[in-house]
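Examination of the molecular architecture
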Amino acid sequence: MASRSAIINVMVRAADKAARRLKRDFGEVENLQTSKKGPADFVSAADLKAESILREELEKARPGYDFLMEESGAHKGGGDRRWIVDPLDGTSNFLHGLPHWAISIGLEESGELIAGVVYDPVKDELFSAERGAGAFLNDRRIRVSSRHRLEESLIATGAPYKGFGKHAVWLQEAAAVLSQTAGIRRCGAAALDLAYVAAGRFDGFWERGLSPWDIAAGIVLVREAGGDVSEIDGKAIRAESSSILAGNDHSHPALMKLLRDAGAT
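Residues numbered from 1 in each chain as written. Predicted model: local features only at pLDDT ≥ 70, side-chain atom pairs only at ≥ 80, totals over all residues. Heavy atoms only, no water.

With respect to the overall build of the chain
The line we're drawing: Secondary structure is summarised from DSSP: a helix means a run of H or I of at least four residues, a strand means a run of E of at least two, and numbering begins at the N terminus for each. Computation of the radius of gyration draws on C-alpha atoms, with the globule rule given as 2.2 Å multiplied by the number of residues to the power 0.38. By definition in these notes, contact holds between two residues if any of their heavy atoms fall within 4.5 Å. Method for areas: the Shrake-Rupley scheme with a 1.4 Å probe, in which residue coverage is limited to the protein chains shown. Neither His nor the chain termini are counted; the positive set is Lys and Arg, and the negative set is Asp and Glu. Taken as the charge location is NZ of Lys, CZ of Arg, CG of Asp or CD of Glu.
If you tally the helices and strands in the chain, you get 7 helices and 13 strands. Its C-alpha atoms give the chain a radius of gyration of 18 Å, within 12% of the compact-globule value 18 Å for 265 residues. C-alpha extents for the chain along the principal axes are approximately 50 × 45 × 30 Å. Residue pairs at least 24 apart in sequence account for 62% of intrachain contacts in the chain once pairs closer than 6 positions are excluded. About 11800 Å² of surface is accessible on the chain, with carbon and sulfur atoms providing 49% of the total. Side chains of the chain carry 34 positive and 38 negative charges; the gap between the two charge centres is 1 Å.

Here you go:
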């Protein structure tokens, strides 16, 4: 692997520091599962603390950058670069003691996403990418899968839950995709789903109702791994897009057609 750039090193150091705290808290959450109070309040505090660590580390390294953070919202720094941060993607998994969650940090310059880091502390997997420099898992270059046939493809998705999203739309989409593929997976962490598309573990991913911190880093990862990423209806993707479709150059258009034919786009 080529040496990491200064900006990727900044992102990795911040993620690593926040991850150390989250891993300790994750162990405590597992112990809280059987308590009368339950772990929800504890996880909320862990989430906020991790976000505070990330902001402190990123701000110290790059003063003047703007922030958009899941818990504390937008913070103006006065520049043309913006950190887009999810301190704990996969909160429900974390809450239930499931070891599938991540820290996601994206960097935007003048409205264009230019770098991303997704770190899974439990598995010690660091996904990183910078515009024009490729995508990496730890020290290894990664590429999207080369599968050409949908019937051989494994597709990830995010499903709406109670009070959020359009369940009927998702059921139409899921039925269409299930009928034509090797299966779908709903893992509960969009940042990791996108990282897995970049690494070729999933052949595609779609979801609606997302926020910028869910997808910013993953967009860069998929692009730099040679994949295609857009909104579900084919429009150009932005950090503020509320739907996303990612895949390789075969699965992306095929999935878009499936979803369109399902009548949900």
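Details of the environment of I155
By the element assignment, I155 lies in strand β9 (residues 154-157). Along the backbone, I155 and R201 are 46 residues apart, and their C-alpha atoms lie at a distance of 9.3 Å. The contacts of I155, once residues within four sequence positions are left out, are V177, T181, G183, I184, R185, D203, G204, F205, W206 and L255.

Observations concerning the packing of helix α5 (residues 190-198) against helix α6 (residues 212-224)
Packed helices, taken two at a time, are described by the angle their axes make and the gap between the axes. Which entries qualify depends on this criterion: Axis lines are fitted through C-alpha atoms, for helices just across the contact stretch, and the angle between N-to-C directions can take any value from 0 to 180 degrees. Roughly parallel means an angle under 35 degrees; roughly antiparallel means over 145; roughly perpendicular covers 65 to 115; every other angle is labelled oblique. Residue classes follow a fixed rule: Ala, Val, Leu, Ile, Met, Phe, Trp, Tyr, Cys and Pro count as nonpolar, while Asp, Glu, Lys and Arg count as charged, and any other residue, Gly among them, counts as polar.
Taken N-terminus to C-terminus, the directions of α5 and α6 make an angle of 0°; their axes are 8 Å apart at the nearest point. As summarised for this structure, α5 and α6 are arranged roughly parallel, according to the angle between their axes. The segment α5 lies against α6, with A190, A191, L194, A195, V197 and A198 engaging D214, I215, G218, I219, L221 and V222. Looking at the contact of α5 with α6 residue by residue, the classes come out as 10 nonpolar, 1 polar and 1 charged.

Quick look at the side chain of N248
We count it as follows: Partly exposed residues are those whose accessible area sits between 20% and 50% of the maximum for their type, while under 20% is buried and over 50% is exposed, using a 1.4 Å probe and protein chains only. For the purposes of these results, a polar contact is taken to be a pair of N or O atoms within 3.5 Å, where, inside protein, one atom must be able to donate a hydrogen and its partner to accept one; residues adjacent in sequence count only when each atom of the pair is a side-chain atom.
The residue N248 is located in the loop between β13 (243-247) and α7 (251-261) in this model. N248 gets classed as buried once you look at its relative accessible area, which sits at 2%. Separated by 2.8 Å, the side chain of N248 and the backbone nitrogen of H250 make a polar contact. When neighbours within four sequence positions are excluded, N248 is seen to be in contact with V144, S145, S146, R147, D203, D228 and P253.

Here we look at α5
Among the 9 residues in α5, 9 count as buried, and that is most of the element. One or two steps after α5, the chain reaches G200, where phi turns positive at roughly 80°.

Side note on the environment of L58
Within the secondary structure, L58 is located in helix α2 (residues 40-61). Note on L58: relative accessible area 0%, which makes it buried. On a C-alpha basis, the gap between L58 and M11 in space is 7.1 Å, while along the polypeptide they are 47 residues apart. Look past the residues within four positions of L58 in its chain and what remains in contact with it is V10, M11, A14, F67, W83, V85 and I105.

Let's talk about the sheet that holds β9
Cut-off, in case you're wondering: By definition, two strands form a pair when at least two bridges between them are found by DSSP.
Reading across from one edge, β10-β9-β11-β13-β12 is the order of the 5 strands in this open sheet, with mixed pairing throughout. Edge positions in the open sheet fall to β10 (183-185) and β12 (228-230), since each of these has one partner strand only. Taken pair by pair, the neighbouring strands of this sheet meet at an average axis angle of 15°, ignoring direction. As judged from the 5 bridges shared by strand β11 (residues 204-208) and β13, these two strands associate in the antiparallel manner. Pairing of W206 across the sheet is with L245, part of β13.

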